[in-house]
Amino acid sequence: MAISIGDITIPDWELVETFIRASGPGGQNVNKVASAVQLRFHVQNSPSLPQPVKARLKTIAGRRMTREGELIIEAKRFRTQEQNREDARERLAALIERAATPPKKRVKTKVSRNQKRKRVEEKRRRGELKAGRAKVARD
């Protein structure tokens, strides 16, 4: 069950899933069953991802990424292991999808002549207002 995002496909052999005990609801079951999932994906060594996507994924992932370039996602929202597995894979897919879309280039705009005039006029008005507050000298 590979993860597909647009034209990017990540095969199962690139993902490492570890099952750990989760805290939270579940009663006595919490102490017996390892229902939480720790999904590991080595971004730096992945042949499936293009280099620009890897770079953007590194910034998006933040502290979920190790120094070695391994992305770790923990899923423990649900009580069952299968639901947590699905949740972890969906979260990984969402991160990769975000990284796959390049950010829009910012188009520099100029301040219009009219805006500059309005700003100077407002400054002049504020100056007059403040000058009017000054103490009046007696003659």
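Structure shown above.
Residues numbered from 1 in each chain as written. Predicted model: local features only at pLDDT ≥ 70, side-chain atom pairs only at ≥ 80, totals over all residues. Heavy atoms only, no water.

Time to look at the overall build of the protein chain. Looking only at helices and strands, the protein chain has 3 helices and 5 strands in total. If you list the helices and strands of the protein chain from N to C, you get β-β-β-β-α-β-α-α. Buried positions account for 28% of the 139 residues belonging to the protein chain. Residue pairs at least 24 apart in sequence account for 60% of intrachain contacts in the protein chain once pairs closer than 6 positions are excluded. Carbon and sulfur atoms provide 51% of the accessible area of the protein chain, an area that totals close to 10700 Å². (Helix = DSSP H or I, 4+ residues; strand = E, 2+ residues; numbered from the N terminus. Buried < 20%, exposed > 50% of the residue type's maximum accessible area, 1.4 Å probe, protein only. Contact = heavy atoms within 4.5 Å. Areas by Shrake-Rupley, 256 points an atom, 1.4 Å probe, with all protein chains shown as cover.)

Attention shifts here to the packing of helix α1 (residues 51–61) against helix α2 (residues 81–100). Running from N to C, α1 and α2 cross one another at 120 degrees; their axes reach a closest spacing of 8 Å. Here α2 runs oblique to α1, going by the angle between their axes. Crossing angle aside, the handedness with which α1 passes α2 is right-handed. Seen from α1, the contacting residues are Val-53, Arg-56, Leu-57 and Ile-60; seen from α2, they are Leu-95, Ile-96, Arg-98, Ala-99 and Ala-100. For the contact of α1 with α2, the residue count by class is 7 nonpolar, no polar and 2 charged. (Axes fitted to C-alpha atoms, helices over the stretch in contact; angles between N-to-C directions. Parallel < 35°, antiparallel > 145°, perpendicular 65-115°, else oblique. Left-handed = near helix turned anticlockwise from the far one by under 90°. Nonpolar A, V, L, I, M, F, W, Y, C, P; charged D, E, K, R; others polar.)

This brings us to the sheet that holds strand β3 (residues 15–20). Taken in spatial order, the 3 strands line up as β3-β4-β5 in an open sheet, and their pairing is antiparallel. Because the sheet does not close on itself, it has two edges, and the strands there are β3 and β5 (70–75). Strand-to-strand, the axes of this sheet are offset by a mean angle of 20 degrees, without reference to chain direction. In the sheet, strand β4 (residues 36–42) pairs with β5 via 6 bridges, with the strands oriented antiparallel. Following the sheet pairing, Phe-41 is matched in β5 by Leu-71. Packed onto the sheet, α2 meets β3, β4 and β5 and runs at close to 140 degrees relative to β5. (Pairing = 2+ DSSP bridges.)

On to the nonpolar core. Membership of the largest hydrophobic core comes to 24 residues, with the highest contact counts inside it found for Ile-10, Phe-41, Leu-49, Leu-71, Leu-92 and Ile-96. When residues of this core are traced back to their parent elements, those giving at least two are β1 (3–5), β2 (8–10), β4, α1, β5 and α2. Ranked by residue count, the leading element in this core is α2, at 6 residues. (Core = buried A, V, L, I, M, F, W, Y, C linked by side-chain atoms within 4.5 Å.)

Between its first and last C-alpha atoms α2 spans 28 Å; for 20 residues at 1.5 Å apiece the expected length is 28 Å, and the two agree. Among the residues of α2, Asn-84, Asp-87, Ala-88, Arg-89, Leu-92, Ala-93, Leu-95, Ile-96 and Ala-99 are the ones counted as buried. (Expected span 1.5 Å × (residues − 1).)

Taken together, the side chains of Lys-110, Arg-113, Lys-116, Arg-119 and Lys-123 make up a positively charged region of the molecular surface. Looking at the element boundaries, Lys-123 is found in helix α3 (residues 113–132). On the basis of relative accessibility, which here comes to 56%, the residue Lys-123 falls in the exposed class. (Patch = residues over 30% accessible without salt bridge, like charges linked within 9 Å, V, L, I, M, F, W, Y side chains within 5 Å. Salt bridge = Lys/Arg side-chain N within 4 Å of Asp/Glu carboxyl O. Lys, Arg positive; Asp, Glu negative; His and termini not counted. Charge placed at Lys NZ, Arg CZ, Asp CG, Glu CD.)

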